Amino acid sequence: EDQVTQSPEALRLQEGESSSLNCSYTVSGLRGLFWYRQDPGKGPEFLFTLYSAGEEKEKERLKATLTKKESFLHITAPKPEDSATYLCAVQPTGTASKLTFGTGTRLQVTL
Amino acid sequence: ETGVTQSPTHLIKTRGQQVTLRCSSQSGHNTVSWYQQALGQGPQFIFQYYREEENGRGNFPPRFSGLQFPNYSSELNVNALELDDSALYLCASSWDRGERGYTFGSGTRLTVV
């Protein structure tokens, strides 16, 4: 069974204090690994898809990386507006391509 | 291009009742998935529809059922509501069973009392 574990559960950073969020996964065959951002009471907002080990993607202050067992979301010089829950999900190969999500990391960035 | 639209945004139902939630997929998308997200948890896969056929189902009982229409919009029906069904229900649409990822709607907050 596909499994995703995210750590830490919660993270509090000061503005400008860089850090990384971890997503460890097990899946029979990986079609893609997704990072989403979710604000309270809202649906997940797409950030990145990574497809193979060694791949990296960047968007503003965020950079996602992928190995065969885990993915990292690096946040460089965060701002208060980066405060949200960050969700990681894996999509297996095959026709029933559901996403299996982790429980997320709640990030709070303070001034 | 329009995103994924869900209705209603909030709903309160009594235990034992039935509920229908609706989702309009993003323009050009032919696949719709439904997820249940309990408070403080990640979304859990309910089922997926591809071109009007169910294409995969998670560990949810048969009282959770769905439909996809020719315009690729979708409904989620839940019968015999239980208190534990209280959650945020998310609809996600995609092209061809998840190619190029999923776009999520803002969800329907269902409260069962």
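Reading the values: rules and limits
Residues numbered from 1 in each chain as written. Chains lettered and ligands numbered in written order. Predicted model: local features only at pLDDT ≥ 70, side-chain atom pairs only at ≥ 80, totals over all residues. Heavy atoms only, no water. Helix = DSSP H or I, 4+ residues; strand = E, 2+ residues; numbered from the N terminus. Buried < 20%, exposed > 50% of the residue type's maximum accessible area, 1.4 Å probe, protein only. Contact = heavy atoms within 4.5 Å. Lys, Arg positive; Asp, Glu negative; His and termini not counted. Charge placed at Lys NZ, Arg CZ, Asp CG, Glu CD. Salt bridge = Lys/Arg side-chain N within 4 Å of Asp/Glu carboxyl O.

## Remarks on the overall build of chain B
Here is step 1: Per the secondary structure count, chain B includes zero helices and eleven strands.
Here is step 2: The helix and strand sequence of chain B, counted from the amino end, reads β-β-β-β-β-β-β-β-β-β-β.
Here is step 3: Overall, the C-alpha framework of chain B stretches about 40 × 25 × 25 Å when taken along its three principal axes.
Here is step 4: A buried classification covers 51% of the 113 residues belonging to chain B.
Here is step 5: The contacts of chain B with a sequence gap of at least 6 include a subset with a gap of at least 24, amounting to 54%.
Here is step 6: The positive charge centre, built from 9 side chains, and the negative charge centre, built from 10, are 5 Å apart in chain B.

## Topic: the interface of chain A and chain B
Here is step 1: Listed per partner, the contact involves 20 residues of chain A and 21 residues of chain B.
Here is step 2: Applying the counting criterion to the chain A and chain B interface returns zero salt bridges.
Here is step 3: Within the residue set of the side of chain A that touches chain B, elements represented by two or more residues are β4 (30-38) and β9 (84-92) of chain A.
Here is step 4: Among the elements that line the side of chain A that touches chain B, the one with the most residues is β4 of chain A, at four residues.

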